[in-house]
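# Report on the structure
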Amino acid sequence: METREAAPAVRPVRREAGWGPIRWVGWVLLGCCVALLVTGVVAGERPGSYDDLRLAVERGDVDAATVTGGMQGDYIGAVSVGVHWRDGLVRRVAHVLEVHPAPRYPRSADGTPRVFSVEEDLASLDRSVEVTREGRDSAGWSEVRGWRLPRWAGWLVLTLWVGTFVLIVAGPQPWRANRWAWFWALAFAAPVGIPAYLLLGGPSGLLPPVVGGRRIRGGVGLLLALVTTAALGAVATSVGL
């Protein structure tokens, strides 16, 4: 009489308990990440060089720029203005001194470029370039890892960091790595550490771990965070960010 072997039981993917009641927190924080990304693309600026802008205008790569600040009409003296332009997908800002009467030297003692007016200076390189002038920025700005973002975005970054830190320390046991490993990612692997934890660590419920996956410990997590930071810096330098 033949006997059939019992089919092996299907082992379910192990999910850590406790995420259900606070899952909405992970989704709110993930939404903050998306909002910051969109804000950086639409309104964020990186420091640039006025010399690079002049070269880009001369090559025909930039056809428009915006000047903020400064003084209108005739005056005697020097005033700092901001010059804003788009460099591919990234918005840039540089500071220039407008000097009246016309400056005898192209740079100040600290190396800041000196011109009579940004409009005339850029037009001398390409008369088709369009320069618009606006008043001073009234809303204010926040510096976030080298990016110039609207002031409210700085508060959003603080909320995102504190919320993620509280989840790592006081939330349920995270997926894929222990608390120390995720803390090192938060502390040293910005800006990818936070979204990585929200997507892979359990708060959002997305991308659950595979069956039998090993948990990364704190020492390995620290090493991975440092390597990630170095790699991000190298990539940013290579693409000019």
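Here's a quick rundown of the structure. Not measured: the values here are computed from a predicted model.

This brings us to the packing of helix α1 (residues 23-42) against helix α6 (residues 193-200). Where α1 contacts α6, the two axes come as close as 10 Å, and the packing angle between them is 145°. By crossing handedness, the relation of α1 to α6 is classed as left-handed. Along the contact surface, α1 presents Gly26, Leu29, Leu30 and Cys33, while α6 presents Ile194, Pro195, Leu198 and Leu199. Tallied by class, residues from the contact of α1 with α6 come to 7 nonpolar, 1 polar and no charged.

As enumerated under the stated definition, the model contains 8 salt bridges in all. Close ionic contact of Arg107 with Asp51 constitutes a salt bridge, the shortest N to O distance being 2.2 Å. Residue Arg107 is found in the loop between β4 (90-100) and β5 (114-115), and its partner Asp51 is found in helix α2 (residues 50-59); the two are separated by 56 residues along the sequence. Exposure remark for Asp51: the relative accessible area of 33% places this residue in the partly exposed category. Within this structure, Glu45, Arg91 and Arg148 form a network of salt bridges that share partners.

Turning our eyes to something else, we now look at unusual backbone geometry. Here the amide bond leading from His100 into Pro101 is cis, since omega sits at 0°, within 30 degrees of zero. Take Pro101: it is sitting in the loop between β4 and β5. Here Arg176, not a glycine, exhibits a phi torsion of approximately 65°, which is positive. Tracing the chain through its elements places Arg176 in the loop between α4 (151-170) and α5 (179-188). Accessibility expressed as a relative area gives 27% for Arg176, which makes it partly exposed. Non-glycine residue Leu207 carries a positive phi angle of around 50°.

As a further point, take the pairing of β4. Two faces, one strand: in a regular strand the side chains alternate between the faces of the sheet. Of all 11 residues making up β4, 9 are buried, and the element is well covered by its neighbours. With 3 bridges joining them, strand β1 (residues 45-47) and β4 adopt parallel strand pairing. Note that in β4 the partner of Glu45 across the bridge is Arg91. Where strand β3 (residues 77-87) and β4 come together, 11 bridges link them in antiparallel fashion. Each residue of the ladder has a partner; that of Ser80, found in β4, is Leu97.

Quick look at the packing of aromatic side chains now. Applying the stated rule across the entire model yields 7 aromatic pairs. Ring centres 5.6 Å apart and planes at 10° place the aromatic pair Trp161 and Phe165 in the stacked group. With Trp161 and Phe165 both in helix α4 and 4 residues apart, this pair spans about one turn of that helix. Classification of Trp161 by relative accessible area gives partly exposed; the value is 35%. Measuring from ring centre to ring centre gives 6.1 Å for Phe165 and Phe183, while their planes differ by 65°; the resulting arrangement is edge-to-face. Within this pair, whereas Phe165 is found in helix α4, its partner Phe183 is found in helix α5, the two being separated by 18 residues in sequence. On the accessibility criterion, Phe183 (23% relative accessible area) is partly exposed. An aromatic cluster of at least three residues, connected via ring pairs, comprises Trp161, Phe165, Trp180, Phe183, Trp184 and Phe188.

Basis of the calculations
- Residues numbered from 1 in each chain as written.
- Predicted model: local features only at pLDDT ≥ 70, side-chain atom pairs only at ≥ 80, totals over all residues.
- Heavy atoms only, no water.
- Axes fitted to C-alpha atoms, helices over the stretch in contact; angles between N-to-C directions.
- Helix = DSSP H or I, 4+ residues; strand = E, 2+ residues; numbered from the N terminus.
- Left-handed = near helix turned anticlockwise from the far one by under 90°.
- Contact = heavy atoms within 4.5 Å.
- Nonpolar A, V, L, I, M, F, W, Y, C, P; charged D, E, K, R; others polar.
- Salt bridge = Lys/Arg side-chain N within 4 Å of Asp/Glu carboxyl O.
- Buried < 20%, exposed > 50% of the residue type's maximum accessible area, 1.4 Å probe, protein only.
- Pairing = 2+ DSSP bridges.
- Phe/Tyr/Trp six-rings, centres within 6.5 Å; stacked < 30°, edge-to-face > 60°.

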